[in-house]
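Structural characterization, general
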Amino acid sequence: MVTNEKLRNIAIIAHVDHGKTTLVDAMLKQSHVFRSNEQVNERVMDSGDIERERGITILSKNTAILYDGIKINIVDTPGHADFGGEVERVLNMVDGVLLLVDAFEGPMPQTKYVLRKALEQGLKPIVVINKIDRPDQRVDDVYDEVLELFMELDADDDQLDFPVIYAAARDGIAKFKMEDMNDNLEPLMQTIVKEIPAPQGDADGPLQMMVTTLEADDYVGRVAIGRVIRGSVRPNQNVVVISGDHETKAKVGKVYVYQGLKRVEVDEAGMGEIVALTGLGDVSIGYTVADAENPEALPTINIDEPTLSMTFGVNTSPFAGREGQFVTSRHLRDRLFKEIETNVAMHVEETDSADVFKVSGRGELHLSILIEQMRREGYELQVGKPEVVYKMINGQKCEPMENLTVEVPQEYMGAVMEALGTRKAELSNMTELSGYIRMEFFIPARGLIGFRSELLTSTKGNGIMNHVFHGYVPYKGDMTGRSHGSLVAFEQGETTGYGIFSLQDRGTMFISPGQQVYEGMIVGENSRDIDMDINPCKKKNVTNMRTSASDEAIRLTPPRILSLEQALEYINDDELVEVTPENIRLRKAILDRTARGRAAKNARK
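Residues numbered from 1 in each chain as written. Predicted model: local features only at pLDDT ≥ 70, side-chain atom pairs only at ≥ 80, totals over all residues. Heavy atoms only, no water.

**Brief notes about helix α8 (residues 329-342)**
With 14 residues, α8 should cover 20 Å at 1.5 Å per step; its first-to-last C-alpha distance of 21 Å lies within 8% of that length. Within the span of α8, buried status applies to L332, R335, L336 and E339. Angularly, the buried residues of α8 cover 95° about the axis, an arc narrow enough to put them on a single face. Turned more than 90 degrees away from the buried face of α8 sit R330 and K338, all of them exposed. (Helix = DSSP H or I, 4+ residues; strand = E, 2+ residues; numbered from the N terminus. Expected span 1.5 Å × (residues − 1). Buried < 20%, exposed > 50% of the residue type's maximum accessible area, 1.4 Å probe, protein only. Arc of directions from axis to C-beta.)

Dropping the structure here:
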């Protein structure tokens, strides 16, 4: 066994918004990765458009810095439970983790989830209590909460003896003690080099590498990223790619390692290094790249199963093909199967119809990010209501459960408790945090569908919710659905101010004047619990009669504009969301109102 003392591999894990990507920014800047005159974006690691807009990390990213002649490979991981598949994989590449915890919020559900995965793999943790510059920081309490979390997760003695660093990542400051006067990240760098074990393994043995991440490159095809567990890898080396019992011969193209934010081509990469390889052909995540003479497979990666599924179909509305570039079932099929090559927590299945596919993922956010990416790429599609994935366990129907944490100002506590009561949630814990109440619930995954928008409405935007997968339990019984019906247009045309004005007392409108609508399109929410067919395109009859009020200006209530996630949460089983590069429309699955009435009649029999 050889130890590569010139290398350290760490992952940064944390809950959403606790400052992972900001800390990586500061580490890159202080290790002089950028030129002094270089313009650098904030959160430089979040390279995707959606990541930058939403301020979240979706895909794990690799980078590397040099400190005192030692190379530190850093993996920035997502914080959302929906991207847990990303976190689990990348933990295979590292020997230790930086666990980032907000100095006010303390450990949150996702902190617990990612830490459990890290401890199960025997990784060495360093705890970084971040945002110590917050006026409401409670550093001592947060430290106690972190310690309790480690004990709850059965950490061993070595893991319980974790070093703690206090940081303000935004200012690039780290300290050993709160009272230290320090203006850089030196204490953090020193702790990483001292505490994180250097990679160990057989440096001269036959090559073994696990593919943990894939990137698609238009020029060189798939780029396989992973850690060299044994031996070394060189360009043009003959290798065998192993998946289960299947072995394929391949030849390594180029070998890259990470320096700062760049991939740098090298002649050889040794044991413990995180590398990117080209030329391996049809490689996928979880495959082993092994020496051609002595092929030995590594244990495969276990990923949590999907808990939510949706149907993705070809757009069949009267407006199909007007706005998108990719509109056929072949386009849709190719795009979905390309997605699962790199997105291992997602499954795609074909259905009885060639135009419809069943896509399963880790949650609403996981699936809606894919839909958002596809519409930006020029795809048109229609998606069905999200449904949970049930399982038969010991002959019993079981459903996925989630641990839900909700933080709300005290005055909204009753409204939230009432809303969750109808969704079969059970309260498991409640704590008070300076004016806020933090409540923890045990809730069926289907009870969360549509809850985020309800929470924001009932708390006037002040509610914060986070959830993480718990496991499968026996089916909890039926749940009441949406309490309002839809307002459905019964003819195609352009909406008018007059038409909308005459209808707005029936409910909440989703459209404004001058919009194109079609028969079967949902244009509003009915104030009653039944669907109603309406005509928002109605024009005012022109007559020569005048009334004293005829020339008064029409006053329209502003329409409710639904985001993609809100649209997915809103629809019922007989409704679809039509997604195009330019519009998100709600529609009935059966557009013709006569056929719809007949189908409803048959369903009641």
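From this point, things continue past the structure.
**A short note on the pattern of salt bridges**
Applying the stated criterion to the full structure yields 27 salt bridges. Among the salt bridges present, the one from E377 reaches R335, with a minimum N-O distance of 2.6 Å. One end of the pair, E377, is in the loop between α9 (364-376) and β21 (381-383); the other, R335, is in helix α8, with 42 residues separating them in the sequence. Of the residues examined, E377 reaches a relative accessible area of 36% and is grouped as partly exposed. R335 sits in the buried class, given a relative accessible area of 9%. Between R585 and E578 there is a salt bridge, with the nearest N and O atoms lying 3.0 Å from each other. Each member of the pair, R585 together with E578, is buried. Bridged by salt links that share partners, the residues D102, K131, R134 and D136 form one connected network. (Salt bridge = Lys/Arg side-chain N within 4 Å of Asp/Glu carboxyl O.)

**Quick look at the environment of E145**
Residue position: E145 is located in helix α5 (residues 139-152). On the basis of relative accessible area, E145 is assigned to the partly exposed category, the value being 24%. Setting aside residues no more than four positions away along its own chain, E145 makes contact with E105, G106, P107 and R138. (Contact = heavy atoms within 4.5 Å.)

**Comments concerning the environment of S563**
Counting through the fold element by element, S563 comes out in the loop between β33 (532-534) and α13 (564-570). Taking the C-alpha atoms as reference, S563 lies 7.9 Å from I584; in sequence the two are 21 residues apart.

**A word on unusual backbone geometry**
Residues other than glycine seldom take positive phi values, yet K131 does so here, at roughly 65°. Residue placement: K131 occurs in the loop between β6 (124-130) and α5. In the Ramachandran plot, N236 falls in the positive-phi region, its phi being about 65° despite a non-glycine side chain. Looking at the element boundaries, N236 is found in the loop between β11 (221-230) and β12 (238-243). The class for N236 is exposed, based on a relative accessible area of 53%.

**Examining the pairing of β12**
Burial of β12 is extensive: five of the six residues sit out of reach of the surface. Strand direction decides the pairing type here: β12 and strand β13 (residues 246-251), joined by six bridges, are antiparallel. Paired with S243 across the bridge in β13 is H246. Following β12, the chain reverses through two residues before pairing antiparallel with β13; G244 in that reversal takes a positive phi of roughly 60°. (Pairing = 2+ DSSP bridges.)

**Digging into the nonpolar core**
Ranked by internal contacts, the top residues of the largest apolar core, which has 39 residues, are L91, V127, I129 and F150. Built from parts of two domains, this core gets at least three residues from each of domain 1 (2-200) and domain 2 (202-291). Each residue touching I129, except ones within four places of it in the same chain, is listed here: V101, A103, V139, V142, Y143, V164, I165, Y166 and A167. With 32 residues, the next largest nonpolar core counts L308, M310, V348 and L370 among its residues. (Core = buried A, V, L, I, M, F, W, Y, C linked by side-chain atoms within 4.5 Å. Domains from an automatic or database assignment.)

**A look at the packing of helix α10 (residues 413-421) against helix α11 (residues 451-458)**
Any two packed helices are characterised by the angle at which their axes cross and by the distance between the axes. Where α10 contacts α11, the axes come no closer than 10 Å and their chain directions differ by 155°. As judged from the angle between their axes, α10 and α11 are roughly antiparallel. Judged by the sense of rotation from one axis to the other, the crossing of α10 with α11 is right-handed. In this structure, α10 uses A415, V416, A419 and L420 to contact α11, whose residues at the interface are F451, E454, L455 and S458. Partitioning the contact of α10 with α11 into residue classes produces six nonpolar, one polar and one charged. (Axes fitted to C-alpha atoms, helices over the stretch in contact; angles between N-to-C directions. Parallel < 35°, antiparallel > 145°, perpendicular 65-115°, else oblique. Left-handed = near helix turned anticlockwise from the far one by under 90°. Nonpolar A, V, L, I, M, F, W, Y, C, P; charged D, E, K, R; others polar.)

**With respect to the side chain of S317**
One can find S317 in the loop between β18 (308-313) and α8. S317 sits in the buried class, given a relative accessible area of 5%. Apart from the residues lying within four places of it in its own chain, the contact partners of S317 are Q382, Y518, E578, R587 and L591.

**Some thoughts on α5**
In this model α5 runs 20 Å from its N-terminal to its C-terminal C-alpha over 14 residues, within 8% of the 20 Å that 1.5 Å per residue would give. Of all the residues in α5, the buried ones are V139, V142, V146, L149 and F150. Down the axis, α5 shows its buried residues gathered within 100° of arc, on one side only. Seen from the open side of α5, the exposed residues pointing more than 90 degrees away from its buried face are D140, E148 and M151. Phi turns positive, to about 60°, at D154, one or two residues after α5.

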